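One letter stands for each residue in the lines below.
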Amino acid sequence: MKLTIFGSGYVGLVQGACMAEMGNHVVCCDIDEDKIARLNKGEIPIYEPGLEAYIERNVEAGRIEFTTDVKKAVDHGLFQFIAVGTPPDEDGSADLKHVLAVARSIGDHMDEYRIVVDKSTVPVGTADKVRAELFKSLKKRGKAIEFDVVSNPEFLKEGDAIGDFMKPDRIIVGTDNPRTTELLKSLYEPFNRNHDRVISMDIRSAELTKYAANAMLATKISFMNELANLAERFGADIEHVRQGIGSDPRIGYQFIYPGAGYGGSCFPKDVQALAKSAADAGYDAALLNAVEDVNLRQKRRIFEKIEAHYDGKLNGKTIALWGLSFKPRTDDMRAAPSRVVMESLWEAGANVRAYDPEAMQEAARIYPDQDGLELCETADSTLEGADALVIITEWQEFRSPDFDRVKQALTDPVIFDGRNLYEPSLLQAMGITYYAIGRSNVNADSAQPYGRRKTDMVDSF
Ligand SMILES: NC(=O)c1ccc[n+]([C@@H]2O[C@H](COP(=O)([O-])OP(=O)(O)OC[C@H]3O[C@@H](n4cnc5c(N)ncnc54)[C@H](O)[C@@H]3O)[C@@H](O)[C@H]2O)c1
């Protein structure tokens with residue numbers, strides 16, 4: 001089949017590559033000329049495991065191409081996918097300007113029946129706005145051409161995006177026309193061979209399903225972070241609690257890791273956008289607002305622990321920082337907790353020596369010529385001249401470091417671990433002071449390292 005995908009980002013490129021892999025003919029169209037030029041030179045602008053090989057193979061086979069030519073893109077595909085960004089507006093709502101710009105472009109150029117499929121995460125009711133833009137553009141041209149608008153939200157996760165797209169848990173198809181449902185089903189047939197994963201529904205329910213999924217996952221994380229903060233105050237160990245509740249199949253082990261807060265391009269903006277849509281509809285989404293508030297606080301927890309450890313005297317300190325991306329196996333730093341930690345450290349006068357296996361270029365792009373930031377080539381080299389070590393992203397290579405080397409390199413052997421990667425008793429035995437999340441199991445002072453007793457209670461929020 002022939003399809004066009006507008007937006008060559010994390011979603012558009014993965015979808016394009018996977019659809020081409022199944023034998024379809026894909027045109028990827030983006031307004032970013034530099035990105036398209038790089039793709040046409042064989043450079044993949046993002047890090048996503050497996051993506052490069054998929055694109056290379058399908059470019060060679062002539063099944064995928066990249067262009068900025070909108071007319072060519074609209075002429076190509078029966079299916080016109082919209083996979084552009086929907087960043088948060090100032091008030092937290094989803095900014096639809098890119099989605100509606102694509103709708104206008106399609107209306108400006110289409111000459112025959114098209115199925116416009118929204119893959120971007122958009123508020124309920126967006127399909128109506130897309131339809132209205134298409135009508136407006138066609139009317140301006142004096143054309144009456146048939147089209148359908150479909151909601152087909154994407155559920156892939158960065159770091160595992162190819163696997164998720166090739167073997168989806170579900171394919172949500174929101175339509176108001178049975179014929180379009182059938183056409184979408186046949187496009188997705190190759191991803192569906194094991195059993196039917198298509199769940200068809202009305203358009204508004206499909207739009208809401210995507211927000212519901214992300215909001216549920218974000219809620220699990222914020223719930224666990226709240227419990228971690230309680231564990232610190234109650235003298236409990238959240239890691240025991242995690243295992244204790246995860247064993248209940250109604251709760252499960254997934255998405256109940258306490259940590260430095262969730263980031264990325266989806267959870268923060270989608271929870272906010274859903275809460276804003278709720279407010280616009282006259283409903284105070286108390287739970288969603290709390291999920292977001294807990295997360296914003298959680299992103300500051302590690303900094304608060306560092307600040308408390310040094311009694312607020314961070315000026316001139318040098319902090320080694322491992323992990324910049326918002327999670328492992330991606331270079332994406334959008335809304336990453338590392339940014340909150342680094343920016344707080346800089347504000348307090350500290351220097352950061354940072355390393356990430358994949359996000360170094362992205363960090364250099366976000367923080368060009370940043371005073372107090374040194375990007376180091378290895379995890380080990382961040383330790384040179386550093387006072388303390390902070391871990392923000394749980395990349396595999398950070399899981400079992402040479403603790404002797406860490407201890408000997410740091411002027412003050414202390415580790416602040418935003419992902420609970422290490423065994424506290426082991427570090428304690430080695431003489432390394434260790435702060436984790438929710439593991440200060442002996443008193444209520446969250447600034448205290450694991451295993452040290454202190455009588456005065458400090459509420460650090
Ligand atoms: N990243 C994820 O893990 C993920 C997962 C599921 C859903 N989503 C949703 O999918 C959408 C896309 O996310 P992303 O992470 O791929 O975004 P992204 O920022 O990586 O990519 C978006 C691309 O769209 C391009 N673009 C903007 N306006 C355009 C236009 N008029 N025509 C053509 N291209 C245009 C941009 O240049 C950019 O390359 C968002 O709504 C997001 O919420 C993202």
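Nothing here was measured: the structure is a model prediction, and the numbers come from that model.

Draft legend 1. View of the pattern of salt bridges. Applying the stated rule across the entire model yields 34 salt bridges. Among the ionic pairs, Arg334 bridges to Glu158, the shortest N-O distance being 3.8 Å. You can see Arg334 sitting in the loop between strand 9 (318–322) and helix 14 (337–347) and its partner Glu158 sitting in the loop between strand 6 (147–151) and helix 7 (161–166), a full 176 residues away along the chain. The exposure class assigned to Arg334 is partly exposed, which follows from its relative accessible area of 39%. Salt bridges here are not isolated pairs; linked through shared partners, they connect Lys71, Asp75, Asp111 and Arg141.

Draft legend 2. Spatial organisation of empty space enclosed by the protein. Summed over the entire model, instances satisfying the criterion amount to one cavity of 30 Å³ or more. Estimates place the volume of the largest cavity at around 40 Å³. Lining the largest cavity are Asp118, Ser120, Thr121, Val122, Ser151, Pro153, Glu207 and Lys210. For the lining of the largest cavity, the residue count by class is two nonpolar, three polar and three charged.

Draft legend 3. Quick look at the side chain of Thr181. With respect to the secondary-structure elements, Thr181 resides in helix 8 (residues 178–188). Judged by its relative accessible area of 9%, Thr181 is buried. Among the polar contacts listed, one links the side chain of Thr181 to the side chain of Thr175, at a separation of 2.6 Å. Setting aside residues up to four positions removed in sequence, Thr181 forms contacts with Val173, Thr175 and Ser200.

Draft legend 4. Here's a closer look at the state of the cysteines. The full count for this structure, using the stated rule, is zero disulfides. Free cysteine: Cys18, not disulfide-bonded; nearest cysteine sulfur from Cys28 at 11 Å. Look at Cys28 and you get buried, because its relative accessible area is 0%.

Draft legend 5. Examining unusual backbone geometry more closely. Positive phi is not limited to glycine here, since Asp311 has a value of about 50°. Of the residues examined, Asp311 reaches a relative accessible area of 61% and is grouped as exposed.

Draft legend 6. Region of the structure containing the site of the ligand. Within the structure, the ligand sits among 26 residues, and Asp30, Lys35, Thr86, Glu158 and Lys269 are positioned closest to it. Thr86 has a polar side-chain atom sitting 2.6 Å from an oxygen atom of the ligand. Between the ligand and Thr121 there is a distance of 2.9 Å, counted from an oxygen atom to a backbone nitrogen or oxygen. Against a free-state accessible area of 830 Å², the protein chains account for coverage of 89% of the ligand. Elements with a contribution of two residues or more to the shell around the ligand: helix 1 (10–21) and helix 5 (97–109). Its residues assigned to classes, the shell around the ligand comprises nine nonpolar, nine polar and eight charged.

Draft legend 7. Region of interest: the confidence of the model for the protein. Averaged over all residues, the pLDDT of the protein equals 94, while 95% of them reach at least 70. Here residues 441–447 scores under 50 on pLDDT; set against residues more than four positions off or in separate chains, the count is 33 contacts. Considering only residues more than four positions removed or in separate chains, one finds that residues 451–461, a stretch of pLDDT under 50, has 25 contacts.

Draft legend 8. Highlighting the environment of Ser277. Relative to the helices and strands, Ser277 is located in helix 11 (residues 267–280). Overall, Ser277 belongs to the partly exposed group, its relative accessible area being 29%. Placed 154 residues apart in sequence, Ser277 and Pro123 show a C-alpha to C-alpha distance of 7.0 Å.

Draft legend 9. View of the pairing of strand 12 (residues 388–391). Covered by surrounding structure in strand 12 are Ala388 and Val390 together with Leu389 and Ile391, the residues of both alternating faces. Here strand 9 runs beside strand 12; their pairing, made up of four bridges, is parallel. If you follow Trp322 over to strand 12, its bridge partner there is Ile391. Two elements, strand 12 and strand 13 (residues 414–417), share three bridges in a ladder whose sense is parallel. Each bridged residue has a counterpart across the sheet, and for Val390 the counterpart in strand 13 is Phe416. Taking the sense of rotation as the criterion, the β-α-β connection linking strand 12, helix 17 (residues 403–409) and strand 13 turns out right-handed.

Draft legend 10. Highlighting the packing of helix 5 against helix 6 (residues 126–140). As a packed pair, helix 5 and helix 6 sit with axes 8 Å apart at the nearest point and diverge in direction by 35°. The way helix 5 lies across helix 6 gives a crossing that is right-handed. On the side of helix 5, the interface is formed by Val99, Leu100, Ala103, Arg104, Ile106, Gly107 and Asp108, while helix 6 contributes Thr126, Lys129, Val130, Glu133, Leu134, Ser137 and Leu138. Tallied by class, the residues present in the contact of helix 5 with helix 6 amount to seven nonpolar, three polar and four charged.

Draft legend 11. Structural detail: the sheet that holds strand 10 (residues 351–355). Overall, parallel pairing links the six strands, which are arranged 11-10-9-12-13-14 in an open sheet. Of all the strands in the sheet, just strand 11 (373–375) and strand 14 (433–435) have a single pairing partner and so form its edges. Pairwise comparison of adjacent strand axes, ignoring direction, gives a mean angle of 20° for this sheet. Of the pairings in the sheet, the one linking strand 9 to strand 10 comprises five bridges and is parallel in character. Its bridge partner being in strand 10, Thr318 is matched across the sheet by Asn351. Each of strand 9, strand 12, strand 13 and strand 14 is contacted by helix 13 (residues 301–309), which is oriented at about 155° to strand 13, the strand it contacts most.

Draft legend 12. Highlighting helix 12 (residues 286–298). Over its 13 residues, helix 12 runs 18 Å from end to end, which matches the ideal 18 Å to within 8%, given 1.5 Å per residue. Buried residues along helix 12 sit in contact with helix 9 (203–234), helix 11 and helix 13.

Draft legend 13. The packing of aromatic side chains, seen in detail. Tallied over the full model, the rule gives 13 aromatic pairs. Centre to centre, the rings of Trp346 and Tyr367 are 5.0 Å apart; their planes meet at 75°, and the pair counts as edge-to-face. Of the two residues, Trp346 is situated in helix 14 and Tyr367 in the loop between helix 15 (360–366) and strand 11; the sequence distance between them amounts to 21 residues. With respect to burial, Trp346 and Tyr367 carry one shared label: buried. Joined through ring pairs, the aromatic side chains of Phe165, Tyr188 and Phe191 make up one cluster.

Reading guide: rules and limits
Residues numbered from 1 in each chain as written. Predicted model: local features only at pLDDT ≥ 70, side-chain atom pairs only at ≥ 80, totals over all residues. Heavy atoms only, no water. Salt bridge = Lys/Arg side-chain N within 4 Å of Asp/Glu carboxyl O. Helix = DSSP H or I, 4+ residues; strand = E, 2+ residues; numbered from the N terminus. Buried < 20%, exposed > 50% of the residue type's maximum accessible area, 1.4 Å probe, protein only. 1 Å grid on protein atoms, 1.4 Å probe; cavity = no way out; pocket = protein on both sides within 12 Å on 5 of 7 lines; lining within 4 Å. Points joined across faces, edges and corners; volume = space filled by probe spheres on them. Nonpolar A, V, L, I, M, F, W, Y, C, P; charged D, E, K, R; others polar. Polar contact = N/O pair within 3.5 Å; in protein donor to acceptor, adjacent residues only side chain to side chain. Contact = heavy atoms within 4.5 Å. Disulfide = S-S within 2.5 Å. Near = heavy atom within 4 Å. Areas by Shrake-Rupley, 256 points an atom, 1.4 Å probe, with all protein chains shown as cover. pLDDT = per-residue confidence, 0-100. Pairing = 2+ DSSP bridges. Right-handed = clockwise from strand over helix to strand, strands pointing away. Axes fitted to C-alpha atoms, helices over the stretch in contact; angles between N-to-C directions. Left-handed = near helix turned anticlockwise from the far one by under 90°. Expected span 1.5 Å × (residues − 1). Phe/Tyr/Trp six-rings, centres within 6.5 Å; stacked < 30°, edge-to-face > 60°.

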